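Breakdown of the fold
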Amino acid sequence: MKYRSTRGGLPPAPFTEILIEGLAPDGGLVVPETVPTVTPDELEAWRELDYAGLAAEVIGRYASGLSAEALADICRAAYAPEVFGGEPIVPLTPLGEVTLVGLSEGPTLAFKDMAMQFLGQLLEHELTERGTTLNILGATSGDTGSAAEYALRGKHGVAVFMLSPQGRMSAFQRAQMYSLTDENIHNIAVEGDFDDCQHLVKVLAGDTAFKREHRLGAVNSINFARIAAQLVYYFWAWLRHSDAVEPAERAGHRVSITVPSGNFGNIFSGWLARRMGLPLHRLVLATNENNVLDEFFRTGVYRPRTGEATFATSSPSMDISRASNLERFVFEVLGRDPEALREHWAGLERDGVLDLSAEQHRFAAEFGIVSGASSHAERVETIRETHRATGVVVDPHTADGLAVAARHLEPGIPMLVLETAKPQKFPEIVAEAIGAPAELPAELRELLEAPQHVVDVPNDAVAVRNLIEAHAAH
Ligand SMILES: *Cc1c(COP(=O)(O)O)cnc(C)c1O
C-alpha cells in the first residue's frame, strides 16, 4: 500500500513515511492509492477478536512499512484496558430507538483518544527504529491538544509544544492539560484567541530552516494514521451490533451511523470503512449551528467561513467552518483525478466557493452520506429527554448527533450514534438541561484541584520559538 497526494504531487510513499504531517508537499492531503476491501468471510473471522486484535487487522490493511508483529504490539499498548478504563474499549449502549457507540472511555474523555493513543505508540516505535526525535507543535481550543498530550506524555524522543488561547478554555480543559507534569509536555497559553494560536503554528512551521533544525511535526486531524485508527470502531460497532443477529443473516445486516462532525475526519473514516465493504447503510453527518458541512451535503455547494463568522456554540469541538479533511472526500467525488481536484481548489481559493451541485445526487446514493444540523435548544432538549427516558447523560456533541439521527431513522435499519465526548467535560449545558452537572468521579475532582503547569506568552512567534529552542527533544 502506497500513499499519494490528492493534488498529484507526492511520489508514492509507504505508511511509515506519511505519519508526521498528513499534508503533502504540494498542499494536498495524503490518501491511499487504492482502498483495500474486506470480504464478508474476513469480516466474520474478525468477530472473535478483541478491540486491539481488530485494530491490528483493520489498520494492517494500510500500515505499509510496519511489520505485523510491531503493529500488533502497538495496538495492544494503545488499546489496553488500563488506558480505557477496562474492557470493552468501545461499549455499545442501547438508548431508546438508537444505540450509542462509546468512544470516550479514554484518558481525556473524548473520541480523539481513540486515534491519538494509537498515534502516540506508533510515533514512539518509529522514532526508536530510526534513532531520531520529533517535536510536536500544535494549537488547540481543547480536545485535540489534551488527547495529543495524554498520548505522548513520557514517550521517548518526542516533546509536545501545545499552544492554547489564554482564558478561552473551560476549567476542565485547562485542568486536564495543565495538570500534566511530564517533562516532555509544554503547555503554552497565548495572549489571543485560537486563530492567533493557529497562526503562530503556521509561522513557525512555515520557517523551513527552523522546522528542519527542530524536527517540527504535527498530529492534527488530517493525519492519515488517525484516519486509519478511526476505521477500527466502525468495524467494531457493526460487529458488536450484529453479534445478536442470526449467523445466516449477518452478512445482510445493515446499520446506519450518525457522526457528530467538525473537520470531517471521523466521518471520512466511516466512509472509508463503508468503501472497504462494511455493510453501512447511511452515514449521517451531524453539525451544530456551524452548518457548513450540512449545507454542502444538502446542496453540493461548499462555502467555508472565516474564524470571525464561526459561532461559539455549546458544542465547541464542532465550531469549525473549514473542514480540513473535506478535500479527501472531494477527491473521491471527482473520481480521484488530481487535476480536477487542483482546478476545483484553485476556484475555492479564488471565489470562496466550491460548487459540486451537479454531483450532489451521488452523495447519498453512492457515498451513503446524508446530513443535518442542530441548535443549542435542540441539544438542551435532547440531553434532558435522553436523561428522562433512559437515565443516561450525554454530552452536547453527542446530543447534536442524537438530534440529527432522530430525523434520519428508517424502518428496519438500526441507527448507531457515535458518542464523541463525556458530559463531565461540559457542566454548563448539562446543568441547563437536567438541573445539575454530570457527576464527577473522585479522580476528576482531584484533577481540577491539581497544580497547573503552563507558560504564558504574548501573541508573538519569537516567544514561542525561544521556548521550543530551550526545550526541544534532541
Ligand atoms: C473533534 C470532535 C468532533 C469532530 O470530529 P471531526 O473528526 O473533526 O469531524 C466532534 N465531537 C467532539 C467531542 C470532538 O472532540
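Check the entry above for the structure.
So, a few notes on the structure that sits alongside this text.

Definitions and cut-offs
Each chain carries its own residue numbering, running from 1 in the direction its sequence is written. Reporting of local features is limited, given that this is a predicted model, to residues whose pLDDT is at least 70; pairs of side-chain atoms are given and counted only at 80 or more, and all residues count toward the totals for whole chains, interfaces and linings. Based on all heavy atoms of the structure, the side-chain values leave hydrogens and waters out of the count. Helical segments are the DSSP runs of H or I of at least four residues, strand segments are the runs of E of at least two, and each set is numbered from the N terminus. Put simply, the radius of gyration uses C-alpha atoms, and a globule should come to 2.2 Å times the residue count raised to 0.38. With a 1.4 Å probe rolled over the protein chains alone, any residue whose accessible area is under 20% of its type maximum counts as buried; one over 50% counts as exposed, and the rest are partly exposed. Contacts are assigned to residue pairs that have any heavy atoms within 4.5 Å of one another. Pairing between strands is defined by DSSP: at least two bridges between the two strands are required. Helix axes are fitted to C-alpha atoms over the stretch in contact, other axes to C-alpha atoms as well, and angles between N-to-C directions run from 0 to 180 degrees.

Along the protein chain, the regular secondary structure elements total 19 helices and 15 strands. Whereas a compact globule of 474 residues would reach a radius of gyration of roughly 23 Å, the protein chain reaches 21 Å, a difference of no more than 12%. On the principal axes, the C-alpha backbone points of the protein chain span a range of 60 × 55 × 50 Å. Expressed as a percentage of its 474 residues, the buried residues of the protein chain come to 57%.

Glancing now at unusual backbone geometry. The amide bond that connects glutamate 87 to the next residue, proline 88, takes the cis arrangement and shows omega of -10°. Within the secondary structure, proline 88 sits in the loop between helix H3 (68-78) and strand S3 (92-95). Located in the positive-phi region is arginine 336, a residue other than glycine, with phi close to 55°. Along the chain, arginine 336 turns up in the loop between helix H12 (326-333) and helix H13 (338-351). On the basis of relative accessibility, which here comes to 18%, the residue arginine 336 falls in the buried class.

We now examine the environment of proline 165. Here proline 165 is to be found in strand S6 (residues 158-165). In this structure, the C-alpha to C-alpha distance between proline 165 and isoleucine 267, residues 102 residues apart in sequence, is 27 Å. Residues in contact with proline 165, not counting those within four places in the same chain, are Thr140, Val190, Gly192, Asp193, Phe194 and Cys197.

In this section: the sheet that holds strand S13 (residues 369-373). In space, the six strands of this open sheet follow the order S3-S4-S14-S9-S10-S13, with mixed pairing throughout. With one partner strand each, in any of the chains shown, S3 and S13 form the two edges of the open sheet. The average undirected angle you get between the axes of adjacent strands in this sheet is 25°. Inspection of the sheet shows strand S10 (residues 280-287) paired to S13 by five bridges, in the parallel sense. In the sheet register, leucine 283 faces S13, and the bridge partner there is isoleucine 369.

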